[in-house]
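The residues making up each chain are set out below.
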Amino acid sequence: MEQRNYTEHTEDLYQNAPFGYLTILVTGEIININNTLLNWLDFERDETLKNIIFQDLLGVGEKIFFESRVMPLLQMQGEVSEINLELKGKGTVRFPALINFKKIQRDPTDALVYRISVLDITQRKNFEKELIKARKEAEENANRLKQINVDLERFAYIASHDLKAPLNTIESIVALIKDENLVEPNGDRDELFSLITVNTNRMKMMINDLLEYSSIEDNSSKFEPIHLNEICLEALGTLDEAVRKNQAIFNIPELPEVAGIKIQLERLFQNLFSNAIKYRSEADPIVTVSWEKTDTYYTFRIKDNGMGIEQKEQNKIFGFMERLNTSKTISGTGIGLSSCKRIVEAHGGTIGVTSAPGKGSTFYFTLPIKR
Amino acid sequence: MEKAIINKNNVKRIGKGNQAILFAHGYGCDQNMWRFITPAFEEDYDIVLFDHVGSGNSNESHYDYQKYNSLNGYAEDVISLIENLELEKVIFVGHSVSSIIGLLAATQRPDLFKSMIMIGPSPCYINDEEYFGGFSKSDIDELIETLESNYLGWSSFITPIIVGNPDKPEFSKELHNSFCNMNPDIAKHFAKVTFLGDNRLDLNKMSIPGLVIQCHPDTISPVKVGKYVYNNLQNGEYMLLEASGHCPHLTAPEKTIAAIKSYLKS
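What you see as residue numbers is a count from 1 along each chain, following the sequence as written. The naming scheme follows written order: chains are lettered A onward, ligands numbered 1 onward. With the structure being a predicted model, the display of local features is reserved for residues of pLDDT at least 70 and the display and counting of side-chain atom pairs for 80 or more, all residues being used for whole-chain, interface and lining totals. Side-chain descriptors were evaluated using all non-hydrogen atoms of the structure, hydrogens and water having been removed beforehand.

Draft legend 1. A look at the sheet that holds strand β3 (residues 79-88) of chain A. All names here are of chain A. When DSSP finds two or more bridges between two strands, those strands count as paired. Working definition: helices are DSSP H or I runs of at least four residues, strands are E runs of at least two. Numbering for both runs from the N terminus. The strand order β2-β1-β5-β4-β3 describes an open sheet built from five strands, whose pairing is antiparallel. Because the sheet does not close on itself, it has two edges, and the strands there are β2 (30-33) and β3. Taken over all neighbouring pairs, the strand axes of this sheet differ in orientation by 25 degrees on average, direction set aside. For β3 and strand β4 (residues 94-104), the ladder comprises eight bridges, and the chain directions are antiparallel. When the sheet's bridge partners are listed, Leu85 is paired in β4 with Ala97. Sheet strands in contact with helix α4 (residues 60-77) are β3, β4 and β5 (113-120), and its direction is about 160 degrees off that of β3. In this fold helix α5 (residues 122-179) packs onto β3, β4 and β5, with an angle of close to 115 degrees to the strand it touches most, β4. A fitted line through C-alpha atoms represents every axis, and for helices the fit uses only the stretch in contact; the resulting angles, taken between N-to-C directions, go from 0 to 180 degrees. Pairs of residues are marked as contacts when any of their non-hydrogen atoms sit within 4.5 Å.

Structure follows, in structure tokens:
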């Protein structure tokens, strides 16, 4: 093939570069513009340009932006880059442009001019629009999900709250029947009534747990300083009977102060302590609390000598209403630990467990150090 | 009460003098736009800066679409600001739409004001028969449409939104910080009120002295508009700055200061 030479001509490069160029005076008067930009704007060089200043290529919003932001910055910094403005050409011609501005004054006696480069970014803009649309959709979906969750929680709260009243009535009626000796003690009927009592109690426990779970809110504005030792004492107070019955021993060191919601942190410790007793081994329960701190958070550990949990079951236990087969004989609703998880998360921490069957469990959770 | 207004309008007060001078920013901006002007007045004046509700660091929760459906809502704020701070005979310096807001406030309560300095005022942006405002109705509709279609509002003029330039974030940050960024819904509403409004008949109702500071060319409030304002003021003066653009307080601060000072001297 024949070899050809190519010589670059500066004027041709300026006029026909794949980029728009123009030079304006401080007033906006256009003193030079290349053919590429003229073509993009669909303007004729001679006639039209005499009557046009740079600001005429801008819409009202762009003009305000140009006057109040671009020009001051240009004067201060000498250049401004990557400004995205829509340019208006002849008639209905409009295109989004990425614009760079540079102040030029070769000599103090020369006029001050601004050189402007213009890149047509129609394709990029379309792509950006798609991205923005996708993001907006994602945000809307997230908001909708949030709302659904809020509604569901409210429903759970109201439902469990309303279920409580008829259940209390059933309980009172059963008690009344027994008190009034309406059934023969130790007979078949008595046994059936006992079953009613057991099941009513189970249902009550479940409703209470549900109520508790659905009333955990994620609201750091309600946080107050909390002495965890007081919390532990309160929690143990509610478990007094179980502690005595099981001859459980609790070792609790001096604990730090954290930021949180008192009633929730009380439930957290109460649930963890109560599990340590409930899922005990042959040995009398010994529960040891310990803690350590890093720069940003505390880690608390609650170690027991209970029955322990199999490795593969450890992920499951924090799930809502999730109960392990091994513990089916022990009464519970499967809500306690998922409440713990929610409480810890609402306080900005995480919760987990290390355990092995027969070797006890250590539940650990983190809480941010209050500032 | 004073505290409430300080929070509502992000009021800042500086300066060593006794004579109060109140600076009011224009559309899409905030009090930062006066930063090149105020140092020249600190020695002799009691300078009060604020952000209109919905702009800058004002308390957005006070943005009441009903109240701010006309510039009178903003004028009410100016009056209550002056009353709450117990300022007397205020010199009001307003840029663009704020010069009309100031004019409306001074018409209602002339007792609170000493003089009205209007930088780039326009009582009506849209051309109307004989009147030249500089814009057609469709120009303004296009602005509203831009603001409406722009999910990210005003800030989208600065390109690095998503595809942008992550290794140079400080740049757009400077644009954001040195000026400001409006809530898109408020930006749209304020734009409608500002650019679709017509306050031509209010101009001659103000009795206190007023000064029009005009640049050339100013493509937002052209010379013709500035002259129109001047011609309709009861007690007006007119100064044509040797500067171009709509924001001389940012691009030609020395000239703007000189114009204000020479007017206040006379």
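Draft legend 2. Geometry of the pattern of salt bridges. Should a side-chain nitrogen of Lys or Arg be within 4 Å of a carboxyl oxygen of Asp or Glu, the pair is scored as a salt bridge. A complete count under the given rule lists 25 salt bridges over all chains for this structure. Salt-bridge contacts for A:Asp284 lead to A:Arg280; the nearest nitrogen and oxygen are separated by 3.3 Å. Take A:Arg280: its relative accessible area is 24%, and that puts it in the partly exposed class. Ionic pairing is found between B:Lys16 and B:Glu43, a salt bridge with its closest N-O pair at 3.3 Å. Here B:Lys16, found in the loop between β1 (12-14) and β2 (19-24), pairs with B:Glu43, found in the loop between β2 and β3 (45-50); they are 27 residues apart in sequence, far enough to count as distant. Salt bridges sharing common partners tie together B:Lys8, B:Lys67 and B:Asp77. Three labels apply to residues, based on accessible area from a 1.4 Å probe with only protein chains included: buried if under 20% of the type maximum, exposed if over 50%, partly exposed otherwise in between.

Draft legend 3. The environment of B:Thr251, seen in detail. All names here are of chain B. Its location among the elements puts Thr251 in helix α8 (residues 248-251). Look at Thr251 and you get buried, because its relative accessible area is 14%. Along the primary structure Thr251 and Phe36 are separated by 215 residues, whereas in three dimensions their C-alpha atoms are 9.2 Å apart.

Draft legend 4. Region of the structure containing unusual backbone geometry. Here the residue pair B:His216 and B:Pro217 is connected by a cis peptide bond, since its omega of -10 degrees sits within 30 degrees of zero. Inspection of the secondary structure puts B:Pro217 in the loop between β6 (210-214) and α7 (223-232). The phi angle at A:Asn181 is positive, at roughly 55 degrees, despite the residue not being glycine. Tracing the backbone through its elements, the reader meets A:Asn181 in the loop between α5 and α6 (188-214). Residue B:Glu86 is not a glycine yet carries a positive backbone phi of 55 degrees. Within the secondary structure layout, B:Glu86 lies in the loop between α2 (71-84) and β4 (90-95).

Draft legend 5. Just the packing of helix α9 (residues 262-278) of chain A against helix α10 (residues 336-346) of chain A, in detail. Residues and elements named next belong to chain A. Across the interface, α9 lies against α10 with an axial gap of 9 Å and an inter-helix angle of 145 degrees. The element α9 and its partner α10 pack so that their crossing is left-handed. Contact with α9, carried on its side by Gln264, Leu265, Arg267, Leu268, Asn271, Leu272 and Asn275, involves Gly336, Leu337, Ser339, Cys340, Ile343, Val344 and Ala346 of α10 and no other residues of that element. The residue inventory of the contact of α9 with α10, partitioned by class, reads eight nonpolar, five polar and one charged. Note: crossing handedness is left-handed where the near helix turns anticlockwise from the far helix by less than a right angle, and right-handed where it turns clockwise. When residue character is reported, Ala, Val, Leu, Ile, Met, Phe, Trp, Tyr, Cys and Pro are called nonpolar, Asp, Glu, Lys and Arg charged, and the others, Gly included, polar.

Draft legend 6. Layout of the sheet that holds strand β12 (residues 361-368) of chain A. Residue and element names in this part refer to chain A. Taken in spatial order, the five strands make up an open sheet running β7-β9-β10-β12-β11, and their pairing is mixed. In this open sheet, the two edge strands, each paired with only one partner strand, are β7 (249-251) and β11 (351-355). Each strand axis lies, on average, 15 degrees off the axis of its neighbour in the sheet, ignoring direction. By the bridge criterion, seven bridges tie strand β10 (residues 297-303) to β12 in an arrangement that is antiparallel. Across the sheet, Tyr297 pairs through a bridge with Pro368, a residue of β12.

Draft legend 7. Layout of helix α3 (residues 97-108) of chain B. Residue and element names in this part refer to chain B. Here the expected length of a helix is defined as 1.5 Å per residue gap, with one fewer gap than residues. Between its first and last C-alpha atoms α3 spans 17 Å; for twelve residues at 1.5 Å apiece the expected length is 16 Å, and the two agree. The buried fraction of α3 amounts to ten of the twelve residues, a majority that puts the element mostly inside the structure. Looking only at α3, the buried set comprises Val97, Ser98, Ser99, Ile100, Ile101, Gly102, Leu103, Leu104, Ala105 and Ala106. Residues of α3 that are buried in the fold lie against β2, α2, β4, β5 (113-119) and α6 (184-196).

Draft legend 8. Structural view of the packing of aromatic side chains. Residues and elements named next belong to chain B. Each Phe, Tyr or Trp ring, with Trp reduced to its six-membered ring, pairs with another whose centre is within 6.5 Å; inter-plane angles below 30 degrees give stacked pairs, above 60 give edge-to-face pairs, and intermediate values give tilted ones. Evaluated as defined, the whole model comprises 28 aromatic pairs over all chains. Geometrically, the ring pair formed by Tyr63 and Tyr65 is edge-to-face, given 5.0 Å between the ring centres and 80 degrees between the ring planes. Looking at Tyr65, the relative accessible area reads 39%, which means it is partly exposed. Think of it as a cone above the ring: NZ of Lys or CZ of Arg counts as a charge over the ring if it is within 6 Å of the ring centre and within 35 degrees of the ring normal. Above the plane of the ring of Phe132 lies Lys224, whose end atom (NZ or CZ) is 4.8 Å from the centre.

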